[in-house]
Amino acid sequence: YLWQFGKSGALYAAGEPWNRLTQVYELAISPDGRWLAQCDGAAVDRGFRLFDLSKGEGATQELTEWFPARCAFSPTKPLVALAGQDTNQVNSLRFWELSTRSTIHSERLSGPCLGLAFTQDGKRLFSFSLTNGMDEEITMWDAIGGRKLASWPVPQPGVGFINIVRVFAVSGDGRFVVHRSGP
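These notes cover the structure that comes with them. (Residues numbered from 1 in each chain as written. Predicted model: local features only at pLDDT ≥ 70, side-chain atom pairs only at ≥ 80, totals over all residues. Heavy atoms only, no water.)

We now examine the overall build of the protein. Across its full length, the protein carries zero helices and 14 strands. Helices and strands appear in the protein in the N-to-C order β-β-β-β-β-β-β-β-β-β-β-β-β-β. The proportion of buried residues among the 183 residues of the protein is 43%. Total accessible area on the protein is roughly 9900 Å²; 52% of this is exposed by carbon and sulfur atoms. (Helix = DSSP H or I, 4+ residues; strand = E, 2+ residues; numbered from the N terminus. Buried < 20%, exposed > 50% of the residue type's maximum accessible area, 1.4 Å probe, protein only. Areas by Shrake-Rupley, 256 points an atom, 1.4 Å probe, with all protein chains shown as cover.)

An order of 9-10-11-12 is seen for the four strands of this open sheet, with the pairing classed as antiparallel. Strands with a single pairing partner mark the edges of an open sheet, and in this sheet they are strand 9 (113-118) and strand 12 (148-153). Strand-to-strand twist in this sheet, taken as the mean axis angle between neighbours without regard to direction, amounts to 20°. Note that strand 9 and strand 10 (residues 124-131) share five bridges and pair antiparallel. Along strand 10, the bridge assignment pairs Gly115 with Phe128. (Pairing = 2+ DSSP bridges. Axes fitted to C-alpha atoms, helices over the stretch in contact; angles between N-to-C directions.)

This part is about the side chain of Ser92. Its location among the elements puts Ser92 in strand 7 (residues 91-97). When sequence neighbours within four positions are dropped, the list of residues in contact with Ser92 reads Trp66, Leu82, Ala83, Gly84, Ser106, Glu107, Arg108 and Leu109. (Contact = heavy atoms within 4.5 Å.)

With respect to the secondary-structure elements, Thr119 resides in the loop between strand 9 and strand 10. Thr119 sits in the buried class, given a relative accessible area of 0%. Separated by 52 residues in sequence, Thr119 and Ser171 place their C-alpha atoms 6.9 Å apart. Excluding residues that lie within four positions of it along the chain, Thr119 makes contacts with Pro75, Arg124, Phe126, Val170, Ser171, Gly172, Asp173 and Gly174. Looking at Thr119, its side chain comes within polar contact range of the side chain of Asp121, at 2.7 Å. (Polar contact = N/O pair within 3.5 Å; in protein donor to acceptor, adjacent residues only side chain to side chain.)

Have a look at this one:
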């Protein structure tokens, strides 16, 4: 549900009024407060939706041939980073421009993405993905050109443990990436 401070009642309910079976994987609000992005991953209701909060208008459904699971708005320009899978289960990262409503860059990921975060200056994006089954990696992307800059494996805790990152964050200047793993 989306609530506005000082008003009673929800302004918007994720997954409504489209389908009560919609699986909402992630919600993000643009830095200017105008847009709400909703990632829907269900086969019956896939794509991502944009809700214009400034006008109170219903959401438009975008990229319906794709199953986005993660989204993040750039803090400096009208850009959304989206990570998900196509109908052939190929994982990818897309940089989607709000003004043209189109993908401007797309890169293949080695596995499902579990998180996205921009640096404060909007120049870099970090993604957290599974690779080779249950291995994990953090990747740094050039958010302007859409290319991969570097990636690092996440250390595993030891034999017999399943290490799945539950949360991760990036410092504003991009110098630090922290994560918390565990069952």
